Amino acid sequence: MTRRLILLRHGQTHYNASLRMQGQLDTELSELGVRQAHAVGRVLAPRRPWTILSSDLQRAHETARALASEVGLEVRTDPRLRETHLGTWQGMTHSEVDGQWPDARLQWRSSPRWAPPQGESRIDVARRTREVVDELVESAPDWGEHPAVMVAHGGAIAALTAALLELPVEQYPVFNGLGNTCWVQLSAHPRPGDPAVSNAEPEVAPTTDAARRVLWRLDQWNAGITPPVDAP
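Residues numbered from 1 in each chain as written. Predicted model: local features only at pLDDT ≥ 70, side-chain atom pairs only at ≥ 80, totals over all residues. Heavy atoms only, no water.

### Overview of the sheet that holds strand β2 (residues 51–54)
Line of reasoning, step 1. Taken in spatial order, the six strands line up as β3-β2-β4-β1-β5-β6 in an open sheet, and their pairing is mixed. Two strands lie at the open edges of the sheet, namely β3 (75–77) and β6 (214–223), each paired on one side alone. Here the average twist between neighbouring strands, direction ignored, is 25 degrees.
Line of reasoning, step 2. Packing of helix α6 (residues 122–139) onto the sheet brings it into contact with β1 (3–9), β2, β3, β4 (148–152) and β6, and relative to β4 it is tilted by some 165 degrees.
Line of reasoning, step 3. Each of β1, β4, β5 (183–190) and β6 is contacted by helix α7 (residues 154–164), which is oriented at about 155 degrees to β1, the strand it contacts most. (Pairing = 2+ DSSP bridges. Helix = DSSP H or I, 4+ residues; strand = E, 2+ residues; numbered from the N terminus. Axes fitted to C-alpha atoms, helices over the stretch in contact; angles between N-to-C directions. Contact = heavy atoms within 4.5 Å.)

Here it is in structure tokens:
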């Protein structure tokens, strides 16, 4: 049985528009972000998702509710789907961070084990977000072509995607630049062979028995609405 998973990024916030670091600050959608959320909800509704999970931060939760209103589902929140905690960078603009920590943002983008001061690394985020997916695989044996949708954040989705695909940690930075209300689609297929005797367990490994029996593949990255909602 093939399981479909859609990872949807929230709509635009004022922090996004002003290049300010949000992390786990609980920011609101901008007016444009609200329009984006409802537009993407209408686009994804025909896919008939069977469950919608969301980060508990309001920018993700509001985006999830826009989809839920189209399909008649409730949104379940999970704090493990929150964005990367950016520590002392949270609330600062990109230029402010670059002024105090020259080249640090580049190091953060390119080194998955590196964390901002008092913050999380990409590996930290991959581990906690992967748990949510693995638990869903374990609890939903009938999950099939109709997708589960998880609404989260750009950095969290990038880390989770790399973890589900079992990439070497050094390759995690290949996933970047997910747009507001753009999404990732993955599909889970039966893993060939016996996962219990695998000699190549990834650093961010599956956390449940059912999750060890599936192999995730990437169907789409940075898919979105064409033309975008903010087009003239």
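### Some thoughts on helix α3 (residues 58–71)
Line of reasoning, step 1. Here α3 spans 20 Å end to end across 14 residues, near enough to the 20 Å set by a 1.5 Å rise per residue.
Line of reasoning, step 2. Restricting attention to buried positions, one finds in α3 the residues Arg 59, Ala 60, Thr 63, Ala 64, Ala 66, Leu 67 and Ala 68.
Line of reasoning, step 3. Gly 72 lies just past α3 and shows a positive phi near 70 degrees. (Expected span 1.5 Å × (residues − 1). Buried < 20%, exposed > 50% of the residue type's maximum accessible area, 1.4 Å probe, protein only.)

### Examining the packing of aromatic side chains
Line of reasoning, step 1. Applying the stated criterion across every chain yields a total of six aromatic pairs.
Line of reasoning, step 2. When the centroid spacing of 6.1 Å and the interplanar angle of 55 degrees are considered together, the rings of Trp 89 and Trp 101 count as tilted. With Trp 89 in the loop between β3 and α4 (94–100) and Trp 101 in the loop between α4 and α5 (104–110), the pair connects residues that are twelve residues apart, well separated along the chain.
Line of reasoning, step 3. The exposure class assigned to Trp 89 is buried, which follows from its relative accessible area of 0%.
Line of reasoning, step 4. Between Trp 143 and Trp 216, the aromatic rings sit 6.1 Å apart at their centres with planes inclined by 55 degrees, giving tilted as the arrangement. Linking Trp 143 in the loop between α6 and β4 with Trp 216 in strand β6, this pair joins segments that are 73 residues apart in sequence. For the pair shown, Trp 143 and Trp 216 are each scored as buried.
Line of reasoning, step 5. When the ring centre of Tyr 15 is taken as reference, the NZ or CZ atom of Arg 20 above it lies at 5.9 Å. (Phe/Tyr/Trp six-rings, centres within 6.5 Å; stacked < 30°, edge-to-face > 60°. Lys NZ or Arg CZ within 6 Å of the ring centre and 35° of its normal.)

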